[in-house]
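The chain contents come next:
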Amino acid sequence: MTDAADAAGIASTVDSADGTAGGPPPGGPPDPTPSSAGGRGDPIVPEQRPLAVIDVDGVVADVRHRLRFLRAWPGDWEAFFAAASADPPLAEGVTLVHRLARDHEVVWLTGRPERSRAATSRWLGEQGLPLGELLMRPDDDRRPARMFKRAELRQLGARRQVAVVVDDDPAVVDLLRADGWPVLRAEWLAYEPTLGNAQESEGRT
């Protein structure tokens, strides 16, 4: 799908009317049942909204201007990440996130290293995007992106309902779909082999 408004329709295919579909894959823990007031003096716990788990690079951030730092060997990773603050926003992804945020809690799941947390949070805020939980790769983690994100998603799904995952990496999308997660592939930016190598072979983003 290339139109963000249409792409957001995936949420309606994985969420039921009562908001309980789209939980952990088969064999995972059951979805928690929200508490409600049962009598005078009982605490009222608001029902948790389902999660929309969103990648950053290639979904809301246009990384093409900084891929030049990775085309030579070895890649200049410090320059690559330092230039992230100048990423143009991707309108399709931004629109999709705002649409999902109406009835989902947004969690950002990115392969960017932990050391770029401040710059990433600042960039998201500058674009007017929801400043939800931001999950990032530990600085010394060299797993392929698909393995890092699979592990993080399993931890999320053990405690919350994951309604939709949005990612641009074909390898990530294929693995998570095979695991049973409801995944939307962001296809509004052509996926470049240079980025694929960084994500899957070098395990850095």
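Everything numeric in this text was worked out from a predicted model, so none of it was measured.

Trainee: I'm lost on helix α5 (residues 117–126) in this one. Help?
Mentor: Because an α-helix completes one turn every 3.6 residues, residues spaced three or four positions apart along the sequence face the same direction. Among all positions in α5, only T120, W123 and L124 are buried. With its buried residues spanning 100° around the axis, α5 presents them on a single face. Among the exposed residues of α5, those pointing more than 90 degrees away from its buried face are A118 and E126. Those residues of α5 that are buried lie in contact with β2 (105–113) and β3 (133–137). Immediately beyond the C-terminal end of α5, within one or two residues, lies G128, with a positive phi of roughly 75°.

Trainee: It is not clear to me how the sheet that holds β2 should be interpreted in this structure. Could you clarify?
Mentor: What holds strands together in a sheet is hydrogen bonding between their backbones, with the strands either parallel or antiparallel. The parallel open sheet is built from 5 strands, whose spatial order is β3-β2-β1-β4-β5. Both edges of this open sheet fall to β3 and β5 (183–185), since each of them pairs with a single strand only. Averaged over all neighbouring strand pairs, the angle between strand axes comes to 20°, with direction disregarded. With 4 bridges joining them, β2 and β3 adopt parallel strand pairing. Bridge assignment links L109 to a residue of β3, and that residue is L135. Strands in contact with helix α7 (residues 170–179) are β4 (162–167) and β5; relative to β5, the strand with the most contacts, it is inclined by about 160°.

Cut-offs used in this document
- Throughout, a residue's number is its position along its own chain's written sequence, starting from 1.
- The predicted origin of the model limits local features to residues at a pLDDT of at least 70 and limits the giving and counting of side-chain atom pairs to 80 or more, whereas totals for whole chains, interfaces and linings rest on all residues.
- Only heavy atoms go into the side-chain values, all of them from the structure, while hydrogens and water stay out.
- A 1.4 Å probe rolled over the protein chains alone gives each residue an accessible area, and that area as a share of the maximum for its type sets the label: buried under 20%, exposed over 50%, partly exposed in between.
- To qualify as a helix, a DSSP run of H or I must reach at least 4 residues; to qualify as a strand, a run of E must reach at least 2; elements of each kind are numbered from the N terminus.
- Summarising the geometry, the arc corresponds to the directions from the helix axis toward the C-beta atoms.
- Note on contacts: a residue pair is in contact if any heavy atoms of the two residues lie within 4.5 Å.
- Any two strands between which DSSP finds at least two bridges are classified as paired.
- Axes here refer to lines fitted to C-alpha atoms; in helices the fit is confined to the stretch in contact. Angles between the N-to-C directions go from 0 to 180 degrees.

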